[in-house]
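Notes for the structure review
Below, each chain spelled out in residue letters.
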Amino acid sequence: MTSWMQIGLELVLALVGGAALGWWRGTLAERTRLLTQTDGEVLTRRTQAEADAQRLGEEAERDAKALKREKLIEVRDEWFAKKQAFESESAETRTRLTEREKAIQSREAELTERSEALSRRDRQVQRIEQETAERSRQADARLETLQRQEAEGLDRLERISGLTAEQARQQLIDGITDEATAQATALVKDIRDQAKLTANREAKRIVVQAIQRTAVDHSAENTVSVLNIQSDEMKGRIIGREGRNIRAFEAATGIDVIVDDTPEAVILSGFDPFRREVARVALSRLIADGRIHPARIEEVVERARKELEDEVLATGEQTAVELGIHGLHPEIVRLVGRMKYRTSYGQNLLKHSIEVALLSGLMAAELRLDGKMAKRAGLLHDMGKVADREVEGPHAILGYEIAKRYKEHPVVANAIGAHHEEMEMETPIAVLIQAADAISGARPGARRESLDNYVKRLEKLEAVASSFPGVTKTYAIQAGREVRVLVEHDKVNDGRAEQMAGEIATKIHDELDYPGQIKVTVIREYRAVALAR
C-alpha cells in the first residue's frame, strides 16, 4: 500500500512540475519573440526580460510546490478514507464470519445430539420389537390352547344338550327377540294411548279456548240490496221512458233492478256483492242528483266503481293494521279488501278470513309457534277466491301461486296451498290453518250451501257467454233466468248477433245444469261521441 502511494505522489509531482515548466517555457518563448521583434526594443528591454524571466521562474516554482502540496493532501485524504472504509468492511466481514462459524458449531452440536437421541430410540425400538415378538408368540400359543379348550367344551356341551352350537344360538336369539318384541309392543301401545289421550284433551282445550275468545256474530249474505227512496214518484224516473233508464242501468252494472209495489223501496238483485254495491252507490247518487238518463247513468256507475276500488284498498289496509300484519304487497292488500264483497257458502269472506286469522294466531300461541306467521296465513288463505276469474284452478293453489309471486314467506304460501289438502302440509301452521278454516265454517248458520252453488252457477253462466269472440261484458240477471251479452258493434253485425244468441243458448244447454229456462239477450248498439270545445 505504501509503495502505491509513493508512486502516486511521484506521478502527481511529475505532472505538476512538467505543467509548470511548460507554462514557464511558453511564457519565456513569447517574451523572447517579442524582444526579437525589434532590435531596439530587445536591447532596451533585455535586462527587464531577464528579470521578469527570473521572477516568473520563481513564481512557477512556488506555484508548482503549492500545487504539489495540495495534491499530496488530497491523495492522502482519499487514501485515509479508503483505508477506513476497507478496515470497516473487513471488521464487518470478520464479525459475520465469526457469527456464522458460531451458528455452524451450534448446529453441529445440535445434530450430534439428535443423532445420539436417534441412536438411543433405535435401540429402544429394537428392544420393543423383540419384546412384542416374544409376546406375540406367547399370545399365539395361549390362543391355540384356548381354541382347543373351547372346541373341547363345545363338543362336551353338544353331547350333553343334544344341540349344535348354531341351534343353541338361534334358540337364544329367538327367545330374546320374542321377549323384546312383546315388551316393545306393550310400550308402544301405552305411549300411543297416552299420546292420544293427551293430544285429544289438549287439542280440545286449545280449540275451545280459541273459539270462545273469537266468537263473533254471523249472518248469511243475501243476494239482494234494498234501496230506500223518498217517494214512489222516483220509481218512474228510474224506469225512464219506455224503460230505457232501467235497461241502461242494468247493462252498466250487471244488476237486476226490481221496481215493484214495495213502498218507497227499490230492490237490487245480483249474485256478485261488489257489483251490487256499485249499483247501490250509483243509484243513490242518481236519485240524489235527479238527473237520470243513460249517459249520466254510465258516468255515475263508472265513478262509483272507481271509488269502490279505492275503498277496497283502504279496507285491505285497515284489516291488515287491525290484525298487526305488516309488509303485504299492495296487490295482496287489494285482494284482502275485495273479500269484503265476496261470500263463501253465504258467509262473508273477509269476516271468515279475519276469524281464521284470529283462531290460527291463538292456537299457534298455545302451541308456542309463530303467532304472527299463523295470523298472516289465516288472513290470506282464501285470497285465491277473489283472484281474476280468467285464471283456472282450485282457489287454494291460486292463493299459493299468488303468495309465491309476491314473495310471501314459504310457510305462509304452503299453509295457503295446503288448507284443502291440494298439496302436502310442510309445517304445523298449515295444520292450524286447516283446523281454523273448518272451525269458522262449521259454526251454526255461518254458511249456506245452496247460495254458494247458486253463485257458482251464475258465474259459470257468465263465463260461457264470455267465451265467444266479440263479447265485451256479460251479466246474469233475473236470478240466473236471463243472461245479457254486450258485443262490439264493429266486430259483430246484426246477423251475427242473432246467430250468437242461438249459439250461446246451445252451449248453455250442453254444458250447464239449471232449473227452468234461461233467456239469452245479445245487445249490439252503436254510439257516436263528439266533444264541443
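Reference entry: report on the structure contained in this document. Just so it is clear, the structure is predicted and the values come from calculations on it, not from any experiment.

1. Describing the sheet that holds strand β8 (residues 519–523)
- Pairing within the open sheet is mixed, and its three strands lie in the order β6-β7-β8. With one partner strand each, in any of the chains shown, β6 (471–477) and β8 form the two edges of the open sheet. Within the sheet, the average angular offset between the axes of one strand and its neighbour, ignoring direction, is 15 degrees.
- Sheet topology places strand β7 (residues 482–487) next to β8; five bridges connect them, and they run parallel. Each bridged residue has a counterpart across the sheet, and for L486 the counterpart in β8 is I523.
- Running at roughly 110 degrees to β6, helix α5 (residues 244–253) makes contact with β6 and β7 of the sheet.

2. Looking at the pattern of salt bridges
- Counting across every chain of the model gives 22 salt bridges.
- Between E302 and R305 there is a salt bridge, and its shortest N-O distance comes to 3.2 Å. Here R305 and E302 lie together in helix α7 (residues 294–323), a separation of three residues that amounts to about one turn.
- Members of the salt-bridge network, linked through shared partners, are E250, E482 and R484.

3. Describing the sheet that holds strand β2 (residues 256–258)
- Across the sheet, three strands lie side by side as β1-β3-β2; this open sheet has antiparallel pairing. Strand pairing shows two members of the sheet lacking a second neighbour, β1 (224–228) and β2, which therefore form its edges. This sheet shows a mean twist of 25 degrees between the axes of neighbouring strands, independent of strand direction.
- Direction of pairing for β1 relative to strand β3 (residues 265–269): antiparallel, over a ladder of five bridges. Considered in β3, the bridge of N228 is made with A265.
- Each of β1 and β3 touches helix α6 (residues 273–289); the most contacted strand, β1, lies at about 15 degrees to it.

4. Topic: the packing of helix α9 (residues 349–366) against helix α10 (residues 371–380)
- Two numbers describe how α9 lies on α10: the axes approach to 7 Å, and their chain directions differ by 160 degrees. Judged by the angle between their axes, α9 and α10 are roughly antiparallel. Classified by chirality, the crossing of α10 by α9 is right-handed. Residues S353, I354, V356, A357, S360, G361 and A364 of α9 touch α10, and the partners they reach there are G371, A374, K375, G378 and L379.
- Within the contact of α9 with α10, the residues separate by chemical class into six nonpolar, five polar and one charged.

5. Things to note about the nonpolar core
- By size, the foremost hydrophobic cluster in this structure holds 38 residues, and its most contacted members are L328, I332, L379, L380, M383 and I429.
- Every element with two or more residues in this core is listed here: α7, α8 (330–338), α9, α10, α11 (395–405), α12 (410–418) and α13 (428–441).
- In terms of residue count, the dominant contributor to this core is α9 (seven residues).
- Not counting the four nearest positions on each side in its chain, I332 is found in contact with L380, M383, I402, Y406 and E408.
- Listed in part, the 28 residues of the second largest apolar core include V257, A282, L283 and V300.

6. Section: the packing of aromatic side chains
- Throughout the structure, instances matching the rule amount to two aromatic pairs.
- For the ring pair W79 and F80, a centre distance of 4.9 Å and an interplane angle of 65 degrees mean the geometry is edge-to-face.
- The exposure class assigned to W79 is buried, which follows from its relative accessible area of 18%.
- Residue classification places F80 among the partly exposed residues on the basis of a relative accessible area of 37%.
- Above the face of the F274 ring, R338 is positioned so that its terminal group lies 4.7 Å from the ring centre.

Parameters and conventions
- Residues numbered from 1 in each chain as written.
- Predicted model: local features only at pLDDT ≥ 70, side-chain atom pairs only at ≥ 80, totals over all residues.
- Heavy atoms only, no water.
- Pairing = 2+ DSSP bridges.
- Helix = DSSP H or I, 4+ residues; strand = E, 2+ residues; numbered from the N terminus.
- Axes fitted to C-alpha atoms, helices over the stretch in contact; angles between N-to-C directions.
- Contact = heavy atoms within 4.5 Å.
- Salt bridge = Lys/Arg side-chain N within 4 Å of Asp/Glu carboxyl O.
- Parallel < 35°, antiparallel > 145°, perpendicular 65-115°, else oblique.
- Left-handed = near helix turned anticlockwise from the far one by under 90°.
- Nonpolar A, V, L, I, M, F, W, Y, C, P; charged D, E, K, R; others polar.
- Core = buried A, V, L, I, M, F, W, Y, C linked by side-chain atoms within 4.5 Å.
- Buried < 20%, exposed > 50% of the residue type's maximum accessible area, 1.4 Å probe, protein only.
- Phe/Tyr/Trp six-rings, centres within 6.5 Å; stacked < 30°, edge-to-face > 60°.
- Lys NZ or Arg CZ within 6 Å of the ring centre and 35° of its normal.

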